[in-house]
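Overview (structure and organization)
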Amino acid sequence: MRDEVDELVEAWARERADLDLSAMAVFSRISRLARHLDLARREAFSAHGIESWEFDVLAALRRAGAPYELSPGRLLKETLVTSGTMTNRVDRLAARGFVERYPDPDDRRGVIVRLTREGKTAVDGAFEALLEAESTLLADLPTKEHKKLASLLRTLLTPFA
């Protein structure tokens, strides 16, 4: 089976036979797959009335377990955004009724962000749609190969953790 990356690599090999193009063969495919995943994520989330950034915050709260709450600092670590960005996101999610803020009982100056019932419903539906979309993207890869691929990708990502 051949794809457009094979053609791209072959063209470069013809023009630059002196270079090792094996990394290009891998990362060009990862890049193309990332585009398809991004489109699938957007579609899954929009079907549930949320955007990708909203899913990231809501999912962090949902993964925290009942009562589905985190400090803004913990949300920053979970979503890798700046404090100004997080404040804006929490404000917007609160305005939509997906989260609520309340005073941190352990820190008079702090707040806790909690997922509301509406937020839980939105993130759960979006998550189910995302898993379905991701399964569709993996449909042509035998199930027994999923763990192997995940392990190989983990190896590539480990230096960045």
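Anything mentioned here points back to the structure above.
Described in the following lines is the structure provided in the data block. (Residues numbered from 1 in each chain as written. Predicted model: local features only at pLDDT ≥ 70, side-chain atom pairs only at ≥ 80, totals over all residues. Heavy atoms only, no water.)

The next point concerns the sheet that holds strand 1 (residues 69–70). Neighbouring strands of a sheet are bound in pairs by backbone hydrogen bonds; such pairs are parallel or else antiparallel. Across the sheet, which stays open at both edges, the three strands sit in the order 1-3-2 with antiparallel pairing between neighbours. Looking at which strands have only one partner, the edges of the open sheet turn out to be strand 1 and strand 2 (99–103). Examined bridge by bridge, strand 2 and strand 3 (residues 111–115) share five bridges and lie antiparallel to one another. If you follow Arg101 over to strand 3, its bridge partner there is Val113. Relative to the sheet, helix 3 (residues 52–63) contacts strand 1, strand 2 and strand 3, its axis offset from that of strand 3 by approximately 95 degrees. (Pairing = 2+ DSSP bridges. Helix = DSSP H or I, 4+ residues; strand = E, 2+ residues; numbered from the N terminus. Contact = heavy atoms within 4.5 Å. Axes fitted to C-alpha atoms, helices over the stretch in contact; angles between N-to-C directions.)

Let us now look at the pattern of salt bridges. Taken as a whole, this structure holds 18 salt bridges when the rule is applied. For Arg14, the salt bridge identified is with Glu15, shortest N-O distance 4.0 Å. The exposure class of Arg14 is exposed, given its relative accessible area of 62%. One continuous salt-bridge network, built from bridges that share partners, spans Asp3, Asp6 and Arg29. (Salt bridge = Lys/Arg side-chain N within 4 Å of Asp/Glu carboxyl O. Buried < 20%, exposed > 50% of the residue type's maximum accessible area, 1.4 Å probe, protein only.)

Right, let's get into the side chain of Ser28. Mapped onto the elements, Ser28 comes out in helix 2 (residues 22–46). Here Ser28 is in contact with Val5 and Leu8, once residues within four sequence places are set aside.

The next subject is the packing of helix 1 (residues 4–15) against helix 2. Contact pair helix 1 / helix 2: the axes reach a minimum separation of 10 Å and the direction vectors enclose 145 degrees. Crossing angle aside, the handedness with which helix 1 passes helix 2 is right-handed. For the pair helix 1 and helix 2, contact is made by Glu4, Val5, Asp6, Leu8, Val9 and Trp12 and by Met24, Ala25, Ser28, Arg29 and Arg32, respectively. (Left-handed = near helix turned anticlockwise from the far one by under 90°.)

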